[in-house]
Every structure is written in C-alpha cells, then in structure tokens.
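# Summary of structural features
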Amino acid sequence: MSRSQFHRLTGRVLVAPEIMGPPDEVPFPWRIRIDEAVYAVDLLRGLPTARLLERTSRAPETALVAARRALSNLT
C-alpha cells in the first residue's frame, strides 16, 4: 500500500511535531532537523484529515528518508 493510499483509505495523516525552543547540539537519533527546525519522530501521531485546516506544505523526500531512519532507531 502506498502512502497516498494509506491516507486516502484511513482518512488519517502522520504528523511529527516541531520541537520549539533552542535545538540540542546533537539531536537524538529519533529527532530530525530540516533547515532550522527540529521535528520529534518519537512523538509521531496519526490525525484525522478532517482536523486539518489546510495543507501548508509537503515534506521533501530527504525529510521522509530521515524520518524513516529515525523510526528505525525507535524500533
């Protein structure tokens, strides 16, 4: 099943929240840095798409690779 099929069939999206405040010098392996922001893959949540107000952006492919790597560090 592809990601788009998952989102369409389940009506949910996966969201990693941005960590606010000064980033750690060396982020944990389950935290990913994209530009100046740090995201917590260990706090990943599935949200119903109905709760989203609007689509603001799409994660670049490099961020998805980093998120998958961070997830593998958790399991």
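Just above, that's the structure.
Below is a short write-up of the structure.

Definitions and cut-offs
Residues numbered from 1 in each chain as written. Predicted model: local features only at pLDDT ≥ 70, side-chain atom pairs only at ≥ 80, totals over all residues. Heavy atoms only, no water. Helix = DSSP H or I, 4+ residues; strand = E, 2+ residues; numbered from the N terminus. Buried < 20%, exposed > 50% of the residue type's maximum accessible area, 1.4 Å probe, protein only. Contact = heavy atoms within 4.5 Å. Areas by Shrake-Rupley, 256 points an atom, 1.4 Å probe, with all protein chains shown as cover. Core = buried A, V, L, I, M, F, W, Y, C linked by side-chain atoms within 4.5 Å.

Bringing the overall build of the protein into the picture now. Looking only at helices and strands, one finds two helices and five strands in the protein. Beginning at the N terminus, the succession of helices and strands in the protein can be written as α-β-β-β-β-β-α. Looking at the protein as a whole, 15% of its 75 residues are labelled buried. Taking as baseline every contact in the protein between residues at least 6 positions apart, the subset at least 24 positions apart corresponds to 55%. Counting only carbon and sulfur atoms, one obtains 57% of the accessible surface of the protein, whose full area is about 6100 Å².

Grouped together as the largest cluster of nonpolar side chains are five residues: Ile 32, Val 41, Ala 66, Ala 67 and Ala 70. With three residues, helix α2 (residues 61-74) is the single largest residue contributor to this core. Ignoring sequence-local partners within four residues, the contact set of Ala 70 consists of Pro 29, Trp 30, Ile 32 and Val 41.

This paragraph deals with unusual backbone geometry. A positive phi angle, close to 55°, is found at Asp 35, a residue other than glycine. Mapping Asp 35 onto the fold places it in the loop between β3 (31-34) and β4 (37-40). The class of Asp 35 is exposed, set by a relative accessible area of 70%.

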